[in-house]
Amino acid sequence: MKQKEYTISILTEDKPGLLNKITIIFNRRKINIASLNVSTTEVAGVSRYTLVVSLTPEEVEKIIKQIRRVVEVLGSFYYEEDEIYYREIALYKFSIDTYKNNNELEQLIRNHGAKVMATEEDQVVIEKTGTKQETHELYNAFQPFDLMEFVRSGRIALSKSKRRTEAFIHELETSTSNTLSIKEF
Amino acid sequence: MNTSTLELEEKEVNETEMITGAEAVLKCLVEEGIDTIFGYPGGAIMPVYDSLYGYADKINHILSRHEQGAIHAAQGYARASGRVGVCFATSGPGATNLITGIADAMIDSTPLVCITGQVASHLLGSDAFQETDVIGISMPVTKWNFQVTSAEEIPKAIAQAFYIAKSGRPGPALIDITKNAQQEELDFSYTRCHRVRSYHPYPEIKEESLRAAAKLINKAKKPYILFGQGVTLSGAEEELKNLIEKTGIPAASTLLGLSAFSTKHPLYVGYTGMHGNYGPNVKTNECDVLIAIGMRFDDRVTGDVNTYAAQAKVIHIELDLAEINKNIKVDVAINGDAKQALQALTQLVNQNSHEGWVEEFHECDRIEMEKTIKKSIDPEGAQITMAEVVHKLSVFTKGKSLIVTDVGQHQMMASRYYKFDEPKSHITSGGLGTMGFCLPAAIGAKIGAPERQVIGIVGDGGFQMTLQELGLIMQYNVGVKILILNNEFLGMVRQWQQLFFDRRYSFTEMQNPDFIKLTESYNIPALQVSDRSKLEDAFKSWLGTEGPCLLEVIVEKEENVFPMVPSGSCVSKIRLE
Ligand SMILES: Cc1ncc(C[n+]2csc(CCOP(=O)(O)OP(=O)(O)O)c2C)c(N)n1
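Computed from a predicted structure; not experimentally measured.

Quick look at the overall build of chain A
Here is step 1 of the chain: The secondary structure content of chain A amounts to six helices and nine strands.
Here is step 2 of the chain: For the C-alpha atoms alone, the extent of chain A along its principal axes is close to 65 × 40 × 30 Å.
Here is step 3 of the chain: Here chain A, with 185 residues, has 27% of them falling under the buried criterion.
Here is step 4 of the chain: Within chain A, counting contacts between residues at least 6 apart in sequence, those at least 24 apart form 77% of the total.

Okay, here's the thing in structure tokens:
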């Protein structure tokens, strides 16, 4: 079956070692994690892991269920592209000389909706938020100009569902069984 | 009363509430109703062992001869008694020696709480003496693990470990406790854990899944039940029987399901899997509805998953959601506890019988008897065979003993030829296939079920992996009966070499010690038999001996276990000879 890109969102207790407990599940099946982000949520003590992986629909379901088996995992869900709002952020560094000597750079920054994040005596850092494709396009555009360094963050995503994390946690605290399907939320 | 004595009294009250972390560990265990521990001491867990010295009246600590022995004993104890097995080990090598047993308990769903000592918290991560990252190493093979670095965390961590280990699909939990946490004091109080908000071990069974299953069962012409250890773990033996009897559906067991349903029942049709019975394997690919209960479609059961029960509608009753649709796509999933599910399902199904269909299984039995079984249990050769020994033992003990096996040909022979007639009577290393499991697990089983006759059946290879635990039998006078089936080969591997590697017997022949002298050196009575005519008498004196006793039977060197579904092939392609 064909692979697709999935965004996996995992809510966990904020405890050390959990990153390991989660990545082990991917490692065992030799699944490459394309991107990973760990963040706090609006609920104290609850973390959100956001991962991007390419898998078949069957594989992603198995993985999600195995992640749910980790005791400290509150919930794990998977989404296709149209089910989430998502962004990545990228930083691009130039020497001040490159930046000053190439007027096209400013033009590119404007056209790509990026901005200058920091200007120092000897270097400039540009910031661009967007999809991976968008940040990559800008990277390609910058390539001819002696780009010093480039970095892109993992994806962060929120689902389009109207559910609140807090309500979900409350549900978990009051029910004896976690009835939410792996597609809900 | 003057003020100074008042002060003194107050202080005394406070002092009695303050205890060390080490003592807290023991108090927690007592609170959990634990009276038996298997373990082995060392530097990083010495404070706990020191406290244990004063708990001899409440806790029976059993000293193994190797940590692997301790944990397999805890596993045998847990599986025989239905309680949580508890195991102690020190840091570093002590903890790493537990890993095989932890992995075994994980894959066979055995509730364990392992407590390991760890270097003091200020030394963590510094490659200190006997420091090893036990949390990291055990992470993939524990249901839950946790490191305690201060004394006040101890009660909550242990309470959670017990709750998690035994609830839902059971498994091993490990608590790693730094030495300073054992030595520090805490204000002790204990509350048992009944809830962890991120953990929901008992899914609510969906009404519609039960109705859908009942509908399939009621319409089925050739329904077939396969049950696994989930039945034993949920204590659903009676409920399983009720469903089988009401619907008249023939039922077969997986390796770990054995003894959950009497082999003497007319609707019991045998056991399935690589070396299982003929009918249960081939009928999987002929039935129209397959009802799998508390089992996980292990590859040793399914063979080739693409052809496995491909014609059938599959109903899967399973507690662990991650097992559903993992190996075999199912049509109806009943996600929940087997006992509850079976009770509810039995209400919804029609009274029925499937005599013609059951007869088809019996027809297969006759073929298997003719082509395989007869030759095995009533061999023409002069040498005794393993199959024959187990068959005769089964008759001799009327199928009432608790059988613990190791891994290899003898294990398959035991599962094929012992006719179980009591629940909770079969303990083996199924998922991991750990050689060396039998001897310590049989010891643990006898300690966990002292009223039962416990018989450990082991090969000459596996026996030598943990034979040091004879010392445990000697020291604690554990009345377990051991049966070595000695073929002077790593038999199962030799069989594969014969069948699939052109008889190239690469490193499978063994020169063995004198097992009788060896056992006697531990002051354990031992006898040997190689002559068929003396086998029955040997059973009599072996099982008639008060306390522990070992019997070595010299068996045919190149016996094979049949039938056999070659690894990864279709279950219908089972070889009878
Ligand atoms: C720890 C471990 N190492 C290796 C194996 C592979 N293995 C499976 S069966 C077997 C042979 C067992 O020989 P023995 O204990 O003499 O029993 P037999 O098959 O002869 O009954 C081996 C080596 C294993 N299962 N476990």
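Details of the overall build of chain B
Here is step 1 of the chain: Secondary structure assignment for chain B yields 24 helices and 20 strands.
Here is step 2 of the chain: Taking 577 residues into account, the globule formula puts the C-alpha radius of gyration at 25 Å, and chain B, at 25 Å, falls close to it.
Here is step 3 of the chain: Overall size of chain B, expressed as C-alpha extent along the three principal axes, is 90 × 60 × 45 Å.
Here is step 4 of the chain: Looking at chain B residue by residue over its 577 residues, the buried ones come to 56%.
Here is step 5 of the chain: Considering only contacts within chain B whose residues lie at least 6 apart along the sequence, 77% involve residues at least 24 apart.

What about the site of the ligand?
Residue and element names in this part refer to chain B.
Here is step 1 of the chain: What surrounds the ligand is a group of 20 residues, the closest being G408, G459, G461, G462 and G491.
Here is step 2 of the chain: Every element with two or more residues in the shell around the ligand is listed here: α18 (409–417), α20 (460–463) and α22 (491–500).
Here is step 3 of the chain: For the shell around the ligand, the per-class residue count stands at seven nonpolar, eleven polar and two charged.

Notes on the nonpolar core
Here is step 1 of the chain: Among the nonpolar cores identified, the biggest contains 203 residues, and C87 and I315 of chain B are the most heavily contacted of them.
Here is step 2 of the chain: Considering each element in turn, this core owes the most residues, eight residues, to helix α8 (residues 154–166) of chain B.
Here is step 3 of the chain: Those residues within four positions of C87 of chain B in sequence are excluded, and the remaining contacts are F38, G39, A70, I71, A74, L98, L112 and C114 of chain B.
Here is step 4 of the chain: Counting eleven residues, the second largest nonpolar core, distinct from the first, contains Y99, V124, I126 and L138 of chain A.

Some points on the packing of helix α2 (residues 21–31) of chain B against α8 of chain B
Residue and element names in this part refer to chain B.
Here is step 1 of the chain: Interhelical geometry of α2 versus α8 gives an angle of 30° and a closest axis separation of 9 Å. The orientation of α2 relative to α8 falls into the category roughly parallel. The element α2 and its partner α8 pack so that their crossing is right-handed. Together, G21, A24, V25 and C28 of α2 and I154, P155, I158 and A159 of α8 make up the contact between the two elements.
Here is step 2 of the chain: Taken together, the residues of the contact of α2 with α8 break down into seven nonpolar, one polar and no charged.

Brief notes about the sheet that holds strand β4 (residues 73–79) of chain A
Residues and elements named next belong to chain A.
Here is step 1 of the chain: If you walk across this open sheet you meet the four strands as β2-β3-β1-β4, and the pairing is antiparallel. One side of each edge strand has no neighbouring strand; the edge strands of this open sheet are β2 (35–40) and β4. For this sheet, the mean angle separating the axes of adjacent strands, direction not counted, is 15°.
Here is step 2 of the chain: Two strands pair when backbone bridges link them, and β2 and strand β3 (residues 46–55) are joined in this way by six bridges, in the antiparallel orientation. Looking at the pairing, T40 lines up with S47 of β3.
Here is step 3 of the chain: Sitting on the sheet, helix α6 (residues 165–174) is in contact with β1 (4–13), β3 and β4, with an inclination near 130° to β4.

Quick word on the sheet that holds strand β12 (residues 289–293) of chain B
Picture the strands of a sheet paired through backbone hydrogen bonds; they go either parallel or antiparallel.
All names here are of chain B.
Here is step 1 of the chain: The strand order across the open sheet formed by six strands is β11-β10-β9-β12-β13-β14, and the pairing between neighbours is parallel. Strands at the two margins of the open sheet, each flanked by one partner only, are β11 (268–271) and β14 (332–335). Going across the sheet, the axis of each strand differs from the next one's by a mean of 20°, ignoring polarity.
Here is step 2 of the chain: Pairing between β12 and strand β13 (residues 313–318): five bridges, direction parallel. Note that in β13 the partner of V289 across the bridge is K313.

Remarks on the interface of chain B and chain A
Interfaces are often sized by the accessible area lost when the parts come together.
Here is step 1 of the chain: Facing 18 residues of chain B, the contacting portion of chain A comprises 21 residues.
Here is step 2 of the chain: A class-by-class count of the residues in the side of chain B that touches chain A yields eleven nonpolar, four polar and three charged.

So, the environment of T100 of chain B
All names here are of chain B.
Here is step 1 of the chain: Checked against the element boundaries, T100 lands in helix α6 (residues 99–107).
Here is step 2 of the chain: Accessibility expressed as a C-beta count within 10 Å gives 21 for T100, which makes it buried.
Here is step 3 of the chain: Expressed as a C-alpha distance, the spacing of T100 and S253, which sit 153 residues apart in the sequence, is 26 Å.
Here is step 4 of the chain: Apart from residues lying up to four places away in sequence, T100 is in contact with Q68 and T434.

Here we look at α8 of chain B
All names here are of chain B.
Here is step 1 of the chain: Over its 13 residues, α8 runs 19 Å from end to end, which matches the ideal 18 Å to within 8%, given 1.5 Å per residue.
Here is step 2 of the chain: In terms of burial, α8 is a largely internal element, eleven of the 13 residues being buried.
Here is step 3 of the chain: Listing the buried residues of α8 in full gives I154, P155, A157, I158, Q160, A161, F162, Y163, I164, A165 and K166.
Here is step 4 of the chain: Looking at the packing, one finds that the buried side of α8 touches α2, β5 (112–118), β6 (144–148), β7 (172–178), α9 (179–183) and β8 (185–187).
Here is step 5 of the chain: Looking one or two places after α8, you find G168, whose phi comes out positive at around 55°.

What to know about the environment of R575 of chain B
All names here are of chain B.
Here is step 1 of the chain: Mapped onto the secondary structure, R575 falls in the segment after β20 (549–554).
Here is step 2 of the chain: Taking the C-alpha atoms as reference, R575 lies 9.5 Å from H275; in sequence the two are 300 residues apart.
Here is step 3 of the chain: Non-local contacts of R575, meaning those with residues more than four positions away in its chain, are made with F562, P563 and M564.

Section: helix α2 (residues 57–68) of chain A
All names here are of chain A.
Here is step 1 of the chain: Between the first and last C-alpha of α2 there are 17 Å, a value that for twelve residues agrees with the 16 Å anticipated at 1.5 Å per step.
Here is step 2 of the chain: Burial in α2 covers these residues: V60, I63, I64, Q66, I67 and R68.
Here is step 3 of the chain: If you follow the buried residues of α2, they end up packed against β1, α1 (18–28), β3 and β4.

Let's talk about the confidence of the model for chain B
Residue and element names in this part refer to chain B.
Here is step 1 of the chain: Taken as a whole, chain B shows an average pLDDT of 96; of its residues, 97% reach a score of 70 or greater.
Here is step 2 of the chain: Confidence over residues 1–16 falls short of pLDDT 50; this stretch has one contact with residues more than four positions distant or in other chains.
Here is step 3 of the chain: In the predicted assembly, ipTM is 0.91 and pTM is 0.95.

Details of the environment of S376 of chain B
Here is step 1 of the chain: Here S376 of chain B is to be found in helix α16 (residues 355–377).
Here is step 2 of the chain: Setting aside anything within four residues of it in sequence, one finds S376 of chain B in contact with T385, A387 and E388 of chain B.

Thresholds applied
Residues numbered from 1 in each chain as written. Chains lettered and ligands numbered in written order. Predicted model: local features only at pLDDT ≥ 70, side-chain atom pairs only at ≥ 80, totals over all residues. Helix = DSSP H or I, 4+ residues; strand = E, 2+ residues; numbered from the N terminus. Buried ≥ 20, exposed ≤ 12 C-beta atoms within 10 Å, placed from the backbone. Contact = placed C-beta atoms within 7 Å. Rg over C-alpha atoms; globule rule 2.2 N^0.38 Å. Near = placed C-beta within 6 Å. Nonpolar A, V, L, I, M, F, W, Y, C, P; charged D, E, K, R; others polar. Core = buried A, V, L, I, M, F, W, Y, C linked by C-beta atoms within 7 Å. Axes fitted to C-alpha atoms, helices over the stretch in contact; angles between N-to-C directions. Parallel < 35°, antiparallel > 145°, perpendicular 65-115°, else oblique. Left-handed = near helix turned anticlockwise from the far one by under 90°. Pairing = 2+ DSSP bridges. Expected span 1.5 Å × (residues − 1). pLDDT = per-residue confidence, 0-100.

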